[in-house]
Amino acid sequence: MQIPFDNTYVKLPDEMYHRQIAEAASSPELVAWNDALAAELGIQGGTEAEKTAVFGGNQVPEGGEPLAQLYAGHQFGHYNPQLGDGRALLLGEVVDTHGRRRDIQLKGSGRTPFSRGGDGRAWVGPVIREYIVSEGMHALGVPTTRALAAVTTGDLVYRERALPGAVLTRVAASHIRVGTFQVLAERQRYDLLEALYEYTVQRHYPEATSPVELVAHVAAKQAELVAQWMGYGFIHGVMNTDNCTLSGETIDYGPCAFQDRFDLAKVFSSIDHHGRYSYSSQANIIVWNMAQLANALVPLMPSPEAAVPEFQQVISHMQRQVAHAWQLCFARKLGISDPEETDAGLIESLLQLMHRFDLDFTNTFHALTTGTLDAYAKQASGLTDWLRRWETRVAPLNPEPVMRGVNPWIIPRNHQVERAIQAAVDGDFTIMHRMVDAVTQPFDVNERFREFSIAPEPGEEVTVTFCGT
Ligand code: AMP
Ligand code: MG
């Protein structure tokens with residue numbers, strides 16, 4: 001197998017990472033392989049045995065220079081001075097067939113110096129969840145890390161009970177996080193901070209000419225990203241600054257979920273006691289995260305005191321960017337591609353109805369698209385009036401094509417992800433594969449995949465999610 005590695009992170013000062021190889025897997029098996037993504041990355045050849053050895057962690061591929069990256073981060077608002085790749089290894093980078101630099105990373109590959117108390121492993125559950133949800137997210141058109149491979153290790157991982165271990169191979173525009181900057185700023189290693197800044201600008205935003213501009217670029221991407229999440233009813237669940245990328249891709253599918261019954265204040269994560277990362281809070285939290293990035297970059301400015309108002313301006317502008325991106329996103333879901341100020345009211349009243357009558361988020365917008373919402377949501381009093389307002393607004397437009405591209409039929413529903421995981425624990429990956437097929441064609445109505453379009457019955461509903469490391 002040939003992977004056209006072209007590694008650059010490893011050329012940064014070695015205090016920013018630790019070279020490390022994966023722990024061996026006793027009897028690895030390749031359970032999922034993303035052919036299309038492999039081709040895009042320029043990966044050629046490779047027998048199943050080779051892929052299994054490389055992506056299960058038993059063999060360093062030619063040209064790979066595995067390392068664990070250093071970072072820190074605010075976890076639920078509290079600064080943790082050292083996190084880092086505690087269960088992941090960057091194998092290296094490739095420049096893909098579109099000319100984009102991509103990281104290839106193993107996740108669940110064993111201990112590193114950043115593992116703290118952890119075992120560096122992953123069980124099959126989070127591996128499958130990330131595989132399905134990240135591929136579904138990509139198909140929805142949302143910037144995200146991707147899944148290249150899943151390999152079961154044949155070893156047991158001990159959580160609340162013994163579970164089968166697995167390794168996920170994740171592909172990202174990069175794994176540079178807000179926390180990658182924070183750790184260097186906090187340690188007052190301004191030489192390393194400068195090196196990371198230069199590297200990030202060159203890799204992601206070559207047009208940026210100052211740290212303030214870098215923050216502005218990242219903020220614009222993140223504002224757009226979070227609006228898209230909200231437009232699909234997605235809750236990330238753990239928007240810590242170490243899970244927030246400079247590239248603007250979604251990263252770290254832990255206790256995440258797409259909402260079924262809509263609730264504006266919905267929280268899934270078992271550890272999010274105060275709703276810090278609830279559905280609606282995401283719009284504010286992303287601004288807070290960008291403020292932390294700005295803080296970390298202040299020392300790079302020629303006159304830090306003078307720079308603070310410049311950064312503040314970027315951050316306060318971001319609040320408007322998020323609101324604007326949100327409005328644009330939801331207007332499109334109603335078939336309006338050039339919204340007016342007054343459309344906000346139309347959007348809000350539909351969301352209020354959905355919230356009040358526990359309507360399924362995805363199915364509501366899909367029914368609106370197909371003209372069946374009045375039949376779908378008979379119980380929602382007030383809906384008829386809302387539909388009349390909406391019809392008046394969109395009458396002169398041609399809303400359907402716009403709506404078809406943003407109101408999916410299928411999203412990766414959590415109760416289905418759980419089913420796929422349960423089967424996988426028993427060694428059966430067929431549900432996982434069917435689900436990947438279904439969620440990667442989210443906008444097409446395909447009878448073959450109808451089961452994945454159905455909202456959970458009350459008893460099937462997943463109400464709590466876990467970090468599940
Ligand atoms: P996450 O919840 O995935 O954002 O991870 C937060 C931090 O905990 C990161 O530094 C991870 O590398 C680390 N971590 C999570 N799970 C494990 C594990 N099983 N072993 C070692 N470190 C872990
Ligand atoms: Mg993380």
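Caption draft 1: Geometry of the environment of K107. On the secondary structure map, K107 appears in strand β7 (residues 101-107). Expressed as a C-alpha distance, the spacing of K107 and D6, which sit 101 residues apart in the sequence, is 20 Å. If we ignore the near neighbours within four places in the chain, the residues touching K107 are R87, A88, E130, A166, V167, L168, R170 and D252. A polar contact is formed between the side chain of K107 and the side chain of E130, at a distance of 2.9 Å.

Caption draft 2: Structural detail: the pairing of strand β6 (residues 88-95). Buried residues dominate β6, accounting for seven of its eight residues. Here β6 pairs with β7 via seven bridges, running antiparallel. Each bridged residue has a counterpart across the sheet, and for L89 the counterpart in β7 is L106. Linking β6 back to β7 in an antiparallel pair, the connection comprises five residues, with G99 at a positive phi of about 85 degrees.

Caption draft 3: Layout of the packing of helix α9 (residues 343-356) against helix α12 (residues 383-394). Look at α9 against α12: their axes get within 11 Å of each other, and the N-to-C directions meet at 150 degrees. By the angle class used here, α9 and α12 are roughly antiparallel. For α9 against α12, the interelement crossing comes out left-handed. Together, D343, G345, L346, S349, L350 and L353 of α9 and L383, W386, R389, W390 and R393 of α12 make up the contact between the two elements. Here the residues of the contact of α9 with α12 are counted per class, giving six nonpolar, two polar and three charged.

Caption draft 4: The arrangement of the state of the cysteines in detail. With the rule as written, the count across this model stands at zero disulfides. No disulfide involves C329; its sulfur sits 18 Å from that of C256, the nearest cysteine.

Caption draft 5: Layout of empty space enclosed by the protein. Under the definition given, this model contains one cavity of 30 Å³ or more. For the largest cavity, the lining is made up of 14 residues, of which Q222, W229, N243, C244 and I286 are closest to its centre. Of all elements in the fold, only α6 (211-231) and α7 (282-297) reach the threshold of two or more residues within the lining of the largest cavity. If one sorts the elements of the lining of the largest cavity by residue count, α6 sits on top with three residues.

Caption draft 6: Local environment of the site of ligand 1. Around ligand 1 sit 17 residues in total, of which G84, G86, R87, R116 and G120 are the nearest. Here an oxygen atom of ligand 1 and a backbone polar atom of G84 are 2.6 Å apart. At 3.1 Å, a side-chain N or O of D119 approaches a nitrogen atom of ligand 1. With the chains in place, 87% of the 480 Å² that ligand 1 exposes on its own is no longer accessible. Taken together, the residues of the shell around ligand 1 break down into two nonpolar, seven polar and eight charged. Here the shell around ligand 1 gathers at least three residues from each of two domains, domain 1 (9-172) and domain 2 (178-263 + 271-329).

Caption draft 7: Quick peek at the packing of aromatic side chains. Scanning all chains against the criterion turns up 14 aromatic pairs. Each ring, one from W33 and one from F55, has its centre 5.5 Å from the other, and the planes form 45 degrees; the classification is tilted. Residue W33 is found in strand β2 (residues 29-33), and its partner F55 is found in helix α2 (residues 48-55); the two are separated by 22 residues along the sequence. Residue classification places W33 among the buried positions, given a relative accessible area of 18%. Judged by centre distance (6.2 Å) and plane angle (10 degrees), the rings of W386 and W390 are stacked.

Caption draft 8: Structural context of the domain arrangement of the protein. Structurally, the protein comprises domain 1 (9-172) and domain 2 (178-263 + 271-329). Taking only C-alpha atoms, the centre of domain 1 and the centre of domain 2 are 23 Å apart. Of the residues lining the interface, 35 residues belong to domain 1; the matching set on domain 2 comes to 38 residues. Buried surface at the junction of domain 1 and domain 2, summed over both partners, amounts to about 3,100 Å²; 61% is from carbon and sulfur atoms. Summed over the three residues of domain 1 that lose the most area to domain 2, namely H74, F76 and M137, the buried surface amounts to 22% of that side. Here domain 1 is connected to domain 2 by five salt bridges. Notably, a salt bridge pairs R203 with E93, separated by 3.9 Å at the nearest N-O pair. Applying the counting rule to domain 1 against domain 2 returns 15 residue pairs in polar contact (both at pLDDT 80 or more).

Caption draft 9: Summary view of the coordination of the magnesium ion (ligand 2). Within the protein, the atoms that donate to the magnesium ion (ligand 2) are N243 (OD1) and D252 (OD), at distances of 1.8 to 2.1 Å. The same class applies to N243 as to D252, namely buried.

Calculation criteria
- Residues numbered from 1 in each chain as written.
- Chains lettered and ligands numbered in written order.
- Predicted model: local features only at pLDDT ≥ 70, side-chain atom pairs only at ≥ 80, totals over all residues.
- Heavy atoms only, no water.
- Helix = DSSP H or I, 4+ residues; strand = E, 2+ residues; numbered from the N terminus.
- Contact = heavy atoms within 4.5 Å.
- Polar contact = N/O pair within 3.5 Å; in protein donor to acceptor, adjacent residues only side chain to side chain.
- Buried < 20%, exposed > 50% of the residue type's maximum accessible area, 1.4 Å probe, protein only.
- Pairing = 2+ DSSP bridges.
- Axes fitted to C-alpha atoms, helices over the stretch in contact; angles between N-to-C directions.
- Parallel < 35°, antiparallel > 145°, perpendicular 65-115°, else oblique.
- Left-handed = near helix turned anticlockwise from the far one by under 90°.
- Nonpolar A, V, L, I, M, F, W, Y, C, P; charged D, E, K, R; others polar.
- Disulfide = S-S within 2.5 Å.
- 1 Å grid on protein atoms, 1.4 Å probe; cavity = no way out; pocket = protein on both sides within 12 Å on 5 of 7 lines; lining within 4 Å.
- Points joined across faces, edges and corners; volume = space filled by probe spheres on them.
- Near = heavy atom within 4 Å.
- Areas by Shrake-Rupley, 256 points an atom, 1.4 Å probe, with all protein chains shown as cover.
- Domains from an automatic or database assignment.
- Phe/Tyr/Trp six-rings, centres within 6.5 Å; stacked < 30°, edge-to-face > 60°.
- Buried area = accessible area lost by both parts, 1.4 Å probe.
- Salt bridge = Lys/Arg side-chain N within 4 Å of Asp/Glu carboxyl O.
- Donors = N, O, S within 2.8 Å, 3.2 Å for Na, K, Ca; no water.

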